[in-house]
Amino acid sequence: MGCACQDFGKTLCREEKEENRVNNKIIIIEGYLASGKSTFAELLSEELKIPCLIKDKFKTALCNSISIGDRRESSRFSVVTFDGMMYVAEQLLKTGVPLILEGNFAPAGVKETDESEVIRRLIQKYDSMALTFKFTGDTRILYRRFTEREALPERGQANRIGRAVAYDEFCGWCHNLDPFDIGGKVVPVDTTDFGKVDFTELKDTAGKFLALADY
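All values reported here derive from a predicted model rather than from experimental measurement. (Residues numbered from 1 in each chain as written. Predicted model: local features only at pLDDT ≥ 70, side-chain atom pairs only at ≥ 80, totals over all residues. Heavy atoms only, no water.)

It is worth spelling out the state of the cysteines at this point. Under the defined criterion, the tally for this structure stands at 0 disulfides. Distance from the sulfur of Cys 171, which forms no disulfide, to the nearest cysteine sulfur (Cys 174) is 6.6 Å. (Disulfide = S-S within 2.5 Å.)

Taken as a whole, this structure holds 10 salt bridges when the rule is applied. Glu 30 is the salt-bridge partner of Lys 134, the closest N and O atoms lying 2.9 Å from each other. Here Lys 134 is found in strand 4 (residues 129–136), whereas its partner Glu 30 is found in strand 1 (residues 25–31), with 104 residues between them in sequence. Of the residues examined, Glu 30 reaches a relative accessible area of 1% and is grouped as buried. In this structure, the salt-bridge partner of Glu 169 is Arg 163, at a minimum N-O distance of 2.7 Å. Three or more residues are tied together by salt bridges with common partners; here these are Lys 55, Lys 111 and Glu 115. (Salt bridge = Lys/Arg side-chain N within 4 Å of Asp/Glu carboxyl O. Helix = DSSP H or I, 4+ residues; strand = E, 2+ residues; numbered from the N terminus. Buried < 20%, exposed > 50% of the residue type's maximum accessible area, 1.4 Å probe, protein only.)

Here helix 2 (residues 37–48) contains 12 residues, and its C-alpha end-to-end distance of 16 Å stays within 8% of the 16 Å for a straight helix at 1.5 Å per residue. Looking at the buried residues of helix 2, the elements they touch are strand 1, strand 2 (52–54), strand 3 (99–103), strand 4 and helix 8 (199–211). With its phi angle positive at about 60 degrees, Lys 49 sits one or two positions after the end of helix 2. (Expected span 1.5 Å × (residues − 1). Contact = heavy atoms within 4.5 Å.)

In this structure, Ile 28, Leu 99, Leu 101, Phe 105 and Ile 119 are the most contacted members of the largest nonpolar core, which totals 20 residues. Broken down by element, the residue count for this core peaks at 6 residues, all from helix 4 (residues 71–94). Beyond its immediate sequence surroundings of up to four residues, Leu 99 is in contact with Lys 25, Ile 26, Ile 27, Ile 50, Pro 51, Leu 53, Ala 89, Leu 92 and Leu 93. Among the nonpolar cores identified, the runner-up in size contains 19 residues, and Ile 50, Phe 133, Phe 135 and Ala 206 belong to it. (Core = buried A, V, L, I, M, F, W, Y, C linked by side-chain atoms within 4.5 Å.)

Encoded structure:
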């Protein structure tokens, strides 16, 4: 009887792991600042009915009851934000729940933490499949959007730079993100002109990725 129960338990465990493997899919939306990543992430989350973790909104929620004194302090909270996002992402992947991760995630050499490597390890740990939407664009256009966004009250203290940012500095921030790579399929998205982006096709690509057992 004991052996039969053990065999049943092992079979159940194997079936559960296989089911999680099918559902263990992660969609990464990353790239340049002010390129429309978070807006697309929210639309995709609503369309696909899966959870979405947006870096700026996650940080705002964490800092909702905290006064941030300066940019250095804000940067420390950015580290905490990334760690918190990775914790939530892991809990979802553990139970076979697909998810969307959005943010300007840093590759090696940009920050103290290689965020791309952390995400890559998480994907490997749970034998997950990844699809990355890589948002870029003409940095002159994105810089104008960025400066306009900085002036908006809804940007919030947690995410506002709090000082004038020169174009060259902004351009450097964007191109520092170019080497980001966590494996899997990468879909480039140029949002220089939002009117020329086929968002329906992008949503269809994400939907097919979630629907297939092996993408």
